[in-house]
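Residues per chain, in single letters:
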Amino acid sequence: MTVDAIGTARTGPAPIVSESALPARASALRRLARDSVALIAGSILALFVLASAVAPLVAPYDPYFTNMSKVIQPPSAMHWFGTDNAGRDILSRVIYGTRNTLLIGLAGVVIGGFLGGLLGILAAFYRRIDGVIMRLVDVMLAFPAILIGLAVAAISGAGILAVVTALIIATVPDIARVSRGSAVGVMSQEYMEAGRAIGLSDLALMWRYLTLNCISTIFVFLTLRFGQIILIGSALGFLGMGAQPPTAELGMMAAQGRDFLFMAPHVAVIPSLAIFLIVLAANLFGDALRDVLDPRLQQ
Amino acid sequence: MQHNISRRLAELELSAYHPKNGAQRVGGDGMGRQIIHRLLISLPALLGVLFLCFCLLQVVPADPAIIIAGPDAKKETVEAIRKDLGLDQPIVLQFVNYIGRVAQGDLGRSIISNKKVIEELAYTIGPTVELMVAAMLLAVPVGLLLGTLAAVSRGSILDRIIMAISVAGVSMPVFFIGLLLIQVVGYRWGLLPFTGRAGPVWAGGLPSLILPAVTLGSVLIGPIARITRTAVREVLGADFVRTARAKGLKERVVIMHHALRNALIPVVTLIGLQAAFLLGGAVVTETMFSWPGVGRLAVGAITSSDFPTAQGAIMVLAISFLAINLIVDVIYVYLDPRVQRE
């Protein structure tokens, strides 16, 4: 899906933002609501986001409260998802873990998306620095995200910072390419020249004419990337490069459960399943969002 | 080189249409030039990799000269050792020296085992390559088959099932697949070993390779199936396929020889793009299955703060990523001669 996106994003300029854009967007949302897959995926995603946002209210137990008399219990009425090796309630830990996993992914996507979008738009606007920026982006692409995570963890020690840094660096180059591709198309539009002719400053041109016309493409692409970013983040967590115990993070919880895989598979399987559901819902929802908001990104 | 990927991506649609028979295979000379060109383009990325690894060595918490000289050494002795190690030189010069040492295969010694890092790497590269190749050998045919089936039976139940599997596959964490395989196939059914590597494939190592390879390969099946489906669908609508059908060729021949072959170009591109997933997945898979590869070496070294080993392992992984992309570029030129004509 990344492939199709980069492949076609550079063709065709984005339409100028006009008053008619608002009703168009509203009808896009209506179309989204009629798509049953999008609806289900969106609901699942919303459920995860909501539960993790109000974690202290919905979690039945303290996720860090250990109880050695209730170690590794199977799912029951008292503990829906059972308990882990320290007697902690897995449901509560999954809710808090989802919160951390989502926040880590969101930090990566938002910061990386901002930096990448900025680089792409600067490259398209100032052709003099285009080459330099895109070479920089190429070098960044030479590092797979997991490797960056490993390297940062080696330098600064394992922790959430290492994972977020890796996710940012994993997001920047792709977004820079997509936004540059989209912005180059806008640059060739007549209204850009018109804006310059009426004496608008570079900053105003870049923000009002360029960025606002590219933003939906960037946004849709970020949504499509979100699932992958969560996967990379949780893989780094699984490798022990991310959140450190006792902090709840889904990838790390799966890794901890690995030690009890044979006697109590649920300890590892439940957090893994949560990641799978989040990513699946994000991917399906992203696809649907792209179809209605930015069909040009579709192959 | 990465720059080529983007261009290749932009050409994805076009490239699917070129008729196999009209294409001339690239000759030796042009091919060589292409490879050299690609190598030159990847130089900045290589420098980036080396710089990152150099930085890794700079964070060693203690001054190496003091460690070597011992705690009671005189100041002059420490200074002499610093000079001997080149630590008194400007950082740029140190970096140049570092590149020189790397070029000679000198990556330092492990802090933990005191073995040469290059030797540790020599032991682990084989298993990693073996795992990746096995995963690809599994994922590429299965992905191609599923994608082609889905394209041919467009809109049918089969198409939908295959696409559902592919979306699920794309969304699955590698370690989840691994955990399930270990639990069910390895432990409950007791069918296959799931820790360590019994040896090379030709020396009875095949059983221990199967579960790690299936784990890693399954991550790639989804994307490959997806892009194959799109590519085959496009090619099936192309003129040369209509011609082939009009000639009265059997449908099987049309699909296998005309459609699938041309659809391979975007698939090869995709495999290059998936190299990052392959590599990241290999690190996770190796760690899960105690597979003695470079990825597990890297994770272990980082966990135990063994900086020289971590630096070496990360360098090898990053360089192999560049190498995979280079190989994909070359295959791409071979499959699509139009790239060369540019």
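Quick look at the structure, then. Along each chain, residue indices are assigned from 1 in the same order as the chain's sequence is written. Here the convention is simple: chains get letters from A, ligands get numbers from 1, in the order in which they are written. Per-residue local features of the predicted model are confined to residues with pLDDT of at least 70, and side-chain atom pairs are confined, for both listing and counting, to 80 or more; whole-chain, interface and lining totals are unaffected and use all residues. As a rule here, side-chain values cover all heavy atoms of the structure and leave hydrogens and water aside.

Side note on the overall build of chain A
- Numbering of helices and strands runs from the N terminus; a helix is a DSSP stretch of H or I covering at least four residues, while a strand is a stretch of E covering at least two. Assigned secondary structure in chain A consists of twelve helices and zero strands.
- Beginning at the N terminus, the succession of helices and strands in chain A can be written as α-α-α-α-α-α-α-α-α-α-α-α.
- Any two residues whose heavy atoms approach within 4.5 Å at even a single point are treated as in contact. Considering only contacts in chain A between residues 6 or more positions apart, those separated by 24 or more positions represent 75%.
- Shrake-Rupley sampling with a 1.4 Å probe provides the accessible areas, and residues are treated as covered by the protein chains on show and by no other component. Carbon and sulfur atoms form 69% of the exposed surface of chain A, whose accessible area is close to 12,400 Å².

Side note on a nonpolar patch on the surface
All names here are of chain A.
- Residues enter patches when their relative accessible area tops 30% and they take part in no salt bridge; the joining distance is 9 Å for like charges and 5 Å for the nonpolar side chains Val, Leu, Ile, Met, Phe, Trp and Tyr. For this document, the term salt bridge refers to a Lys or Arg side-chain nitrogen within 4 Å of an Asp or Glu carboxyl oxygen. On the surface, a cluster of nonpolar side chains totalling about 550 Å² of accessible area is made up of Leu106, Val110, Ile111, Phe114, Leu115 and Leu118.
- Mapped onto the fold, Leu106 is located in helix H5 (residues 90-125).
- Buried residues are those whose accessible area, probed at 1.4 Å on protein chains only, stays under 20% of the maximum for their type, while exposed residues exceed 50% and partly exposed ones sit between those limits. On the basis of relative accessible area, Leu106 is assigned to the partly exposed category, the value being 43%.

Some remarks on the interface of chain B and chain A
- In this assembly, 52 residues from chain B lie in contact with 47 residues from chain A.
- Summed over both partners, the interface of chain B with chain A buries about 4,300 Å², with 79% contributed by carbon and sulfur atoms.
- The interface formed by chain B and chain A includes one salt bridge.
- Arg226 of chain B is paired through a salt bridge with Asp287 of chain A; the nearest N and O atoms lie 3.3 Å apart.
- Within 3.5 Å is the distance limit for a polar contact, defined as a pair of N or O atoms, with the added protein rule that one can donate a hydrogen and the other accept it, and that residues adjacent in sequence qualify only through two side-chain atoms. Taken together, the links from chain B to chain A amount to three residue pairs in polar contact (both at pLDDT 80 or more).
- With eight residues, helix H14 (residues 275-288) of chain B is the largest single contributor of residues to the side of chain B that touches chain A.
- Split by residue class, the side of chain B that touches chain A holds 39 nonpolar, ten polar and three charged. Buried area: the accessible surface (1.4 Å probe) lost by two parts on joining, summed over both. When residues are grouped by polarity, Ala, Val, Leu, Ile, Met, Phe, Trp, Tyr, Cys and Pro land in nonpolar, Asp, Glu, Lys and Arg in charged, and all others, Gly among them, in polar.

Describing empty space enclosed by the protein
All names here are of chain A.
- In the cavity and pocket records, a cavity denotes points on a 1 Å grid over the protein atoms alone where a 1.4 Å probe fits but cannot get out, a pocket denotes an open set with protein on both sides within 12 Å along at least 5 of 7 lines, and lining residues are residues with an atom within 4 Å of a point. Grid points are joined across faces, edges and corners, and a volume is the space filled by probe spheres set on the points. Tallied over the entire structure, the rule returns five cavities of 30 Å³ or more.
- The volume enclosed by the largest cavity comes to roughly 60 Å³.
- When contributions to the lining of the largest cavity are tallied by element, the ones reaching two or more residues are H5, helix H11 (250-257) and helix H12 (266-293).
- It is H11 that contributes the most residues to the lining of the largest cavity, three residues altogether.

A word on the environment of Glu190 of chain A
- By the element assignment, Glu190 of chain A lies in helix H9 (residues 190-197).
- Sequence separation of Glu190 of chain A and Ile160 of chain A is 30 residues, and the distance between their C-alpha atoms is 46 Å.

Regarding the packing of aromatic side chains
- By convention, a stacked pair of Phe, Tyr or Trp rings (six-membered ring in the case of Trp) has centres within 6.5 Å and planes under 30 degrees apart, an edge-to-face pair has planes over 60 apart, and any other such pair is tilted. According to the stated counting rule, one finds nine aromatic pairs over all chains in the structure shown.
- Taken together, a centroid distance of 4.1 Å and an interplanar angle of 15 degrees make the contact between Phe262 of chain A and Tyr187 of chain B stacked. Taken together, the positions of Phe262 of chain A in the loop between H11 and H12 and Tyr187 of chain B in helix H10 (residues 174-188) put the pair across two chains.
- For Phe262 of chain A, a relative accessible area of 33% translates into the label partly exposed.
- The class of Tyr187 of chain B is partly exposed, set by a relative accessible area of 43%.
- Site record: aromatic cluster; members linked through ring pairs are Phe51, Phe54, Phe95 and Tyr98 of chain B.

Considering helix H7 (residues 145-156) of chain A
- Multiplying 1.5 Å by the residue count of a helix minus one yields the expected span of that helix. With twelve residues, H7 of chain A should cover 16 Å at 1.5 Å per step; its first-to-last C-alpha distance of 16 Å lies within 8% of that length.
- Counting buried positions along H7 of chain A yields ten of twelve residues, so the element is predominantly enclosed.
- Residues of H7 of chain A that are buried sit in contact with helix H8 (160-187) and helix H10 (202-238) of chain A together with helix H4 (43-58), H14, helix H15 (294-303) and helix H16 (307-335) of chain B.
- At the exit of H7 of chain A stands Gly157 of chain A, carrying a positive phi of roughly 90 degrees.

Some remarks on the packing of H15 of chain B against H16 of chain B
Residue and element names in this part refer to chain B.
- Orientation is described by axes fitted as lines to C-alpha atoms, over the contacting stretch for helices, and by angles from 0 to 180 degrees between their N-to-C directions. Running from N to C, H15 and H16 point in directions that differ by 145 degrees, and their axes come no closer than 8 Å. H15 and H16 meet at a crossing whose hand is left-handed. Touching Val294, Gly295, Leu297, Ala298, Ala301 and Ile302 of H15 are Thr309, Ala310, Ala313, Ile314, Val316 and Leu317, all from H16.
- Across the contact of H15 with H16, the residue classes tally to ten nonpolar, two polar and no charged. Two helices cross in a left-handed way if the nearer one is turned anticlockwise from the farther one by less than a right angle. They cross in a right-handed way if the turn is clockwise.

Digging into the packing of helix H9 (residues 157-171) of chain B against helix H11 (residues 206-236) of chain B
Residue and element names in this part refer to chain B.
- Contact geometry of H9 with H11 gives a least axis separation of 7 Å together with a crossing angle of 140 degrees. Comparing the axis directions of H9 and H11 gives the class oblique. Classified by chirality, the crossing of H11 by H9 is left-handed. Side by side, H9 and H11 meet where Asp159, Met163, Ser166, Val167 and Val170 of the first sit next to Gly222, Pro223, Ala225, Arg226, Arg229 and Arg233 of the second.
- In terms of residue class, the contact of H9 with H11 is made up of five nonpolar, two polar and four charged. With respect to orientation, any angle under 35 degrees is reported as roughly parallel, any angle over 145 as roughly antiparallel, any angle of 65 to 115 as roughly perpendicular, and every other angle as oblique.

Describing helix H12 (residues 239-246) of chain B
All names here are of chain B.
- Among the residues of H12, those classed as buried are Phe240, Val241 and Ala244. Projected onto a plane normal to the axis of H12, the buried residues spread over an arc of 105 degrees and lie on a single side. Along H12, exposed side chains directed more than 90 degrees from the buried face belong to Asp239, Arg242 and Ala246.
- Looking at the buried positions of H12, the neighbouring elements they touch are H11 and helix H13 (251-273).
- Gly248, located one to two residues past H12, shows a positive phi value of around 90 degrees. The directions considered for the arc run from the helix axis to the C-beta atoms.

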